Amino acid sequence: MRALVISGGGSKGAFAGGVAEYLMKVLHHDYRLFLGSSTGSLLIPHLSMGDISKVKHIYTNVNQSNIFSLNPFIKRKKEGREYVTINYLNTVVQFIKKKRTFGESKNLRKTIKKYFDIRDFEKAKCCGKDIIVTVSNLTKNEVEYKSIQGFDYEDFVDWIWISCNLVPFMSLVRKNDCEYADGGFGSLVPIREAIRRGATEIDAIILEAENMEHNKVLGKNPFSLMMNLFGFMLDQVEKHDIREGKLAAMHRDVKLNLYYTPSKLTENSLIFDKKLMAQWWKDGFNYARTKNYDNKLVFDKF
């Protein structure tokens, strides 16, 4: 059984979409199992139905207002260069309201429902493939995997939304008497779960460069420093997931194909820029084509 695994990565999901388009449309990979964490959870329902054009439209047209009902970030320009900083006014509003997050992402749930309606849900549920999203249960300190087969429409939309909520910049969600957040906190690249569910070959799209090519410049205020710390933490989770996934694949004799980004795409994946995301989709498609062409040349040598 072949599985597609897509890691978290916010706006970088556009790159994953391009890779998936090549694997599914050009190489005709037939996946029976789809697993995603964070932005990966947004991609996999439409990919499972083969509706690549729809998910491409979403990822190349979405903007900040489609995600945030209260945006904790703001873009500024200085000397012709764009950079991102914290929207202090909005964070103060959250403090006054005694909220525990700097921003709110309720618009993301509306966006999910707009592009993944009840008819899409029924189609995905009956297509003979399993779709699994990753969430972090902060109350129980556990990672949970939610299959489309176990829920009705509203519940599964909740799980997709929850999987993408990078707290404290996005909404903290209470559901079933527990508080949940981004699946990437516990399992950013759910390769082991794919193996546990019976995958014999896995294409895993990892939305980070395999090797960091430059030194990071740490933030000059507590908020931007916090973003750097979250980035560091998620990098470590990602490396752990990949390492454990490789070991599990070796132990179970599972073929594992890893697709990294060839370079660092952005310092802040919670900024959704339509122009950049359209380019990343193209980059992902071209990267997958180049990688598979190079692999074929190596194979042909032998």
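Going by the structure above, here's the rest.
A brief report on the enclosed structure follows.

Thresholds, definitions, all that
Residues numbered from 1 in each chain as written. Predicted model: local features only at pLDDT ≥ 70, side-chain atom pairs only at ≥ 80, totals over all residues. Heavy atoms only, no water. Helix = DSSP H or I, 4+ residues; strand = E, 2+ residues; numbered from the N terminus. Rg over C-alpha atoms; globule rule 2.2 N^0.38 Å. Buried < 20%, exposed > 50% of the residue type's maximum accessible area, 1.4 Å probe, protein only. Contact = heavy atoms within 4.5 Å. Salt bridge = Lys/Arg side-chain N within 4 Å of Asp/Glu carboxyl O. Core = buried A, V, L, I, M, F, W, Y, C linked by side-chain atoms within 4.5 Å. Phe/Tyr/Trp six-rings, centres within 6.5 Å; stacked < 30°, edge-to-face > 60°. Lys NZ or Arg CZ within 6 Å of the ring centre and 35° of its normal. Lys, Arg positive; Asp, Glu negative; His and termini not counted. Polar contact = N/O pair within 3.5 Å; in protein donor to acceptor, adjacent residues only side chain to side chain.

**So, the overall build of the protein chain**
Helix and strand counts for the protein chain stand at 11 helices and 10 strands. By the compact-globule yardstick of 19 Å for 302 residues, the protein chain fits well, its C-alpha radius of gyration being 19 Å. Structurally, the protein chain occupies a C-alpha span of about 60 × 45 × 35 Å along its principal axes. Per-residue burial for the protein chain yields a buried fraction of 55% across its 302 residues. For the protein chain, long-range pairs separated by at least 24 residues make up 77% of all intrachain contacts whose partners lie at least 6 apart in sequence.

**As for the pattern of salt bridges**
Opposite charge on two side chains permits them to pair, given that their charged atoms come into close proximity. Here the structure, examined in full by the defined rule, presents 20 salt bridges. Among the ionic pairs, aspartate 155 bridges to lysine 175, the shortest N-O distance being 2.7 Å. Taken as a pair, aspartate 155 in helix H8 (residues 153–163) and lysine 175 in strand S7 (residues 173–175) lie far apart in primary sequence, 20 residues in all. A relative accessible area of 27% places aspartate 155 in the partly exposed class.

**Notes on the nonpolar core**
Counting 86 residues, the largest nonpolar core has Leu47, Phe116, Phe169, Ile202 and Ile205 as its most contacted members. With residues near it in sequence (within four places) discarded, phenylalanine 116 still touches Pro45, His46, Met49, Phe121, Ala124, Tyr153, Phe156 and Ile160.

**Digging into the packing of aromatic side chains**
Aromatic ring pairs: the centre-centre distance and the angle between the two ring planes describe each pair. Taken as a whole and judged by the stated rule, the model has 13 aromatic pairs. Taking 6.3 Å as the distance between ring centres and 45° as the angle between the ring planes, the aromatic pair formed by phenylalanine 121 and phenylalanine 156 counts as tilted. One end of the pair, phenylalanine 121, is in helix H7 (residues 118–125); the other, phenylalanine 156, is in helix H8, and 35 residues separate them in sequence. Each member of the pair, phenylalanine 121 as well as phenylalanine 156, carries the same accessibility label: buried. With centroids separated by 5.0 Å and ring planes inclined at 75°, the aromatic side chains of tryptophan 159 and tyrosine 180 adopt a geometry described as edge-to-face. With tryptophan 159 in helix H8 and tyrosine 180 in strand S8 (residues 178–182), this pair connects stretches of sequence that are 21 residues apart. Assessed through its relative accessible area of 0%, tryptophan 159 is described here as buried. Each residue in the set Phe68, Phe73, Phe95, Phe102 and Phe169 is aromatic and connected to the rest through ring pairs, giving one cluster. Between the NZ or CZ atom of lysine 146 and the centre of the ring of tryptophan 159, over which it lies, the distance is 4.3 Å. For lysine 291, the ring lying beneath its charged end belongs to tyrosine 259, and the centroid distance is 5.4 Å.

**Observations regarding the environment of lysine 56**
Structurally, lysine 56 can be placed in helix H3 (residues 52–59). The partly exposed category is assigned to lysine 56, whose relative accessible area is 34%. With 199 residues separating them along the chain, lysine 56 and lysine 255 place their C-alpha atoms 28 Å apart. Discounting chain neighbours no more than four positions away, the residues touching lysine 56 are Glu21 and Trp281.

**Let's talk about the side chain of aspartate 182**
Following the sequence through the fold, aspartate 182 ends up in strand S8. Buried charged residue aspartate 182 carries no salt bridge. Nearest counter-charge: lysine 12, at 11 Å. Of note is the side chain of aspartate 182, whose polar atom sits 2.6 Å from the backbone nitrogen of glycine 184. Each residue touching aspartate 182, except ones within four places of it in the same chain, is listed here: Ser38, Ser136, Ile162, Ser163, Cys164, Asn165 and Leu166.

**Quick word on helix H6 (residues 106–115)**
Within H6 the residues assigned to the buried category are Asn107, Leu108, Arg109, Thr111 and Ile112. Looking at the buried positions of H6, the neighbouring elements they touch are helix H2 (39–48), helix H4 (64–67) and H8.

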